Amino acid sequence: MGKLLCALLAVCLAGCATGYKAKGWSGGFSETQLSPDTFMVNFAANAYTTPEQASDFAILRAADKSEALGCDHFAILNGAETSTTGAVTVNTAAYGENTAISTGGVFPMVKPNSKLMVRCFKGQPEGVQAFDVAFIQSSIRNKYRMKAYAVTR
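Heads up: these notes are all about the structure in this document. (Residues numbered from 1 in each chain as written. Predicted model: local features only at pLDDT ≥ 70, side-chain atom pairs only at ≥ 80, totals over all residues. Heavy atoms only, no water.)

To continue, consider the overall build of the protein. Of regular secondary structure, the protein possesses 3 helices and 5 strands. The N-to-C order of helical and strand elements in the protein reads α-β-β-α-β-β-β-α. Per-residue burial for the protein yields a buried fraction of 33% across its 153 residues. Intrachain contacts of the protein at a sequence separation of at least 6 include 71% that bridge at least 24 residues. For the protein, the computed accessible surface area is about 9500 Å², with 59% contributed by carbon and sulfur atoms. (Helix = DSSP H or I, 4+ residues; strand = E, 2+ residues; numbered from the N terminus. Buried < 20%, exposed > 50% of the residue type's maximum accessible area, 1.4 Å probe, protein only. Contact = heavy atoms within 4.5 Å. Areas by Shrake-Rupley, 256 points an atom, 1.4 Å probe, with all protein chains shown as cover.)

Written out as structure tokens, the structure reads:
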């Protein structure tokens, strides 16, 4: 019974990964403008989000922000992948006519974070490894089966 409950809970929570959205109680992206063409992007995820997805969503936000600034390319000047770790205690109990069963445990919770310093460009810059905004947007949105994003300036 306990294993079935844990499996069912795991399936239900699999859909609880942090989505691509502005930062809220369950995580998301935030940004800080440093100059007209340079900004920081941070994507803080919950424990149901993979480090790969957190990194992809930070890169996607860099592309979307670059487009909002009127740029069609961007370069990552600096980046960091970190995580915060905690734990959750789960207890389950089942009572029968003459028996009581208690199961549970302590489960680690790792919350990945991705932080990028980004500079955007109008046109492909010379001598700089820059990413094409439209290609990144299409690639990552297709990977996660996301809808198109309406850019707001």
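The subject of this paragraph is unusual backbone geometry. Within the chain, Arg145 stands out as a residue other than glycine whose phi angle is a positive 55°. Relative to the helices and strands, Arg145 resides in the segment after α3 (133–143).

Glancing now at the packing of helix α2 (residues 51–68) against α3. Close contact between α2 and α3 brings their axes to 9 Å; oriented N to C, the two are set at 145°. As α2 packs across α3, the resulting crossing turns out to be left-handed. Mapping the contact onto sequence places Glu52, Asp56, Phe57, Ile59, Leu60, Ala63, Asp64, Ser66 and Glu67 in α2 and Val133, Ile136, Gln137, Ile140, Arg141 and Lys143 in α3. The residue makeup of the contact of α2 with α3, split by class, is 7 nonpolar, 2 polar and 6 charged. (Axes fitted to C-alpha atoms, helices over the stretch in contact; angles between N-to-C directions. Left-handed = near helix turned anticlockwise from the far one by under 90°. Nonpolar A, V, L, I, M, F, W, Y, C, P; charged D, E, K, R; others polar.)

The subject of this paragraph is the nonpolar core. Phe43, Ala62, Phe74 and Val118 are the most contacted members of the largest nonpolar core, which has 20 residues in total. Of all elements in the fold, only β2 (38–44), α2, β4 (100–121) and α3 reach the threshold of two or more residues within this core. Broken down by element, this core gets its largest block of residues, 6 residues, from α2. (Core = buried A, V, L, I, M, F, W, Y, C linked by side-chain atoms within 4.5 Å.)

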